Amino acid sequence: MRPKVSNLAVSLTNATPYSALIPLLYPDIDDPVGESCGNVLGSSATPGQTASVEPEEKPVELTPEQRAEKAAQLQAKIAEKKRLNEEKEKQDAIMREKIRRKEGQSLAEMREKRELDEAKLIAEERRRQKLEDQRARKAVLEKIKQDRESKLKEKEAEKKEAAPQQSAAPAQQSAAPPKQYNECRLQLRLPTGQALVNTFKAEDTLGDVVAFVRDTAKLETFGLMTSFPRKQYQPSDYGFDLKSLGLCPSSVIIVSKQ
């Protein structure tokens, strides 16, 4: 508590500096102040009581066995953390492998689908080519049939025209001369199914037909044949004219690759 100020102290203030009077007015100014617990002077004790000071706890000294046990516990925690990290890495690796396999499977499925689509396109192209070949063959056979029927009708007409003459003059009967043709109309069926139609002179040779096919269709090596009657022409036949080969007035010749 602050001491009471005497009259002597008041009189001294008039002749003594203030800084020199502080120790006289407050003799406990230099004493250490305890921790504040609610009052102005920082003491939690009430008047007439003294504050108790708890002794500072000293660190407990561990025995070698306790230090070894704590070290073992620390090592165990480190090992456990390492194990958990390794387990997490394994799980992450497994997850990445699953994702990689799934992506690889998706790529394989896409590649398989593309190959299947390409195979379908190839099969469709083959079916289309086969149908075109069948139609071309049918057209050739139909043309051959028409030509044969036309020739038969011409022969029948010739026979009917020659019958009255034979009955009127049996003694002077003679074979009717073959009809003379100046032109030969040929339909050339190429290996691609395309048909080339051209009119040649009856005196033109089969070699002229070969040259026409080579220049028009841009083919180098090929063969010529007829389907009805079936005959495969040889290079030795190229010097004969179309009339002597029986191709007049019209015929269908198939051009085959060699």
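Computed from a predicted structure; not experimentally measured.

**A few points about the environment of Val197**
- Take Val197: it is sitting in strand β2 (residues 195-201).
- As for Val197 and Leu186, which are separated by 11 residues in sequence, their C-alpha atoms are 5.8 Å apart.
- Residue contacts for Val197: discarding those within four places in its chain leaves Arg185, Leu186 and Gln187.

**What to know about the pattern of salt bridges**
- Here the structure, examined in full by the defined rule, presents nine salt bridges.
- The partner of Arg128 in a salt bridge is Glu132, with the nearest N and O atoms 2.4 Å apart. Here Arg128 and its partner Glu132 are both found in helix α3 (residues 64-168), four residues apart, which amounts to about one turn of the helix.
- A relative accessible area of 34% places Arg128 in the partly exposed class.

**Details of the nonpolar core**
- Ranked by size, the top nonpolar core spans 21 residues in total, and within it Leu186, Leu206, Val209, Leu224, Leu242, Leu247 and Val255 carry the most contacts.
- For this core, the elements supplying multiple residues, two or more each, are β1 (183-189), β2, α4 (206-217), β3 (222-227) and β5 (250-257).
- For this core, the element with the most residues is α4, which contributes four residues.
- Not counting residues within four places of it along the chain, the set of residues in contact with Leu224 comprises Leu206, Val209, Val210, Lys231, Gln232, Tyr233, Ile253, Ile254 and Val255.

**Comments concerning a negative patch on the surface**
- On the surface, Glu109, Glu112, Glu115 and Glu118 cluster together into a negatively charged patch.
- Note that Glu118 resides in helix α3.
- When its relative accessible area of 43% is taken as the criterion, Glu118 is described as partly exposed.

**Observations concerning the environment of Gln187**
- Mapped onto the elements of the fold, Gln187 is located in strand β1.
- Among the residues examined, Gln187 registers a relative accessible area of 15% and is labelled buried.
- Here Gln187 is in contact with Lys143, Ala195, Leu196, Val197, Ser251, Val252 and Ile253, once residues within four sequence places are set aside.

**Describing α4**
- With 12 residues, α4 should cover 16 Å at 1.5 Å per step; its first-to-last C-alpha distance of 16 Å lies within 8% of that length.
- Those residues of α4 that are buried lie in contact with β1, β2, β3 and β5.
- Lys218 sits one or two positions beyond α4 and adopts a positive phi of about 55°.

**Let's talk about unusual backbone geometry**
- Residues Cys248 and Pro249 are joined by a peptide bond in cis, for which omega reads 5°.
- Relative to the elements of secondary structure, Pro249 occurs in the loop between β4 (230-232) and β5.
- The backbone phi angle of Lys218 is positive, close to 55°, even though this residue is not glycine.
- You can see Lys218 is positioned in the loop between α4 and β3.

**Here's the deal with the side chain of Ser250**
- Within the fold, Ser250 resides in strand β5.
- Excluding its chain neighbours within four sequence positions, the residues that come into contact with Ser250 are Asp147, Lys151 and Arg185.

**A short note on the packing of aromatic side chains**
- All told, the structure shown has one aromatic pair when counted by the stated rule.
- Aromatic side chains Phe200 and Phe212 sit 5.5 Å apart centroid to centroid with 90° between the ring planes, which places their arrangement in the edge-to-face category. Of this pair, Phe200 sits in strand β2 while Phe212 sits in helix α4, and the two are 12 residues apart along the sequence.
- Of the residues examined, Phe212 reaches a relative accessible area of 22% and is grouped as partly exposed.

**Structural notes on the sheet that holds β2**
- In spatial order, the strands read β2-β1-β5-β3-β4; together these five strands make up an open sheet with mixed pairing. Two strands close off the open sheet at either side, each with one partner strand: β2 and β4. Put simply, the sheet's adjacent strands are angled 30° from each other on average, direction ignored.
- Strand direction decides the pairing type here: β1 and β2, joined by seven bridges, are antiparallel. Residue pairing in the sheet places Gln187 in a bridge with Val197 of β2.

The rules behind these values
- Residues numbered from 1 in each chain as written.
- Predicted model: local features only at pLDDT ≥ 70, side-chain atom pairs only at ≥ 80, totals over all residues.
- Heavy atoms only, no water.
- Helix = DSSP H or I, 4+ residues; strand = E, 2+ residues; numbered from the N terminus.
- Contact = heavy atoms within 4.5 Å.
- Salt bridge = Lys/Arg side-chain N within 4 Å of Asp/Glu carboxyl O.
- Buried < 20%, exposed > 50% of the residue type's maximum accessible area, 1.4 Å probe, protein only.
- Core = buried A, V, L, I, M, F, W, Y, C linked by side-chain atoms within 4.5 Å.
- Patch = residues over 30% accessible without salt bridge, like charges linked within 9 Å, V, L, I, M, F, W, Y side chains within 5 Å.
- Areas by Shrake-Rupley, 256 points an atom, 1.4 Å probe, with all protein chains shown as cover.
- Lys, Arg positive; Asp, Glu negative; His and termini not counted.
- Charge placed at Lys NZ, Arg CZ, Asp CG, Glu CD.
- Expected span 1.5 Å × (residues − 1).
- Phe/Tyr/Trp six-rings, centres within 6.5 Å; stacked < 30°, edge-to-face > 60°.
- Pairing = 2+ DSSP bridges.
- Axes fitted to C-alpha atoms, helices over the stretch in contact; angles between N-to-C directions.

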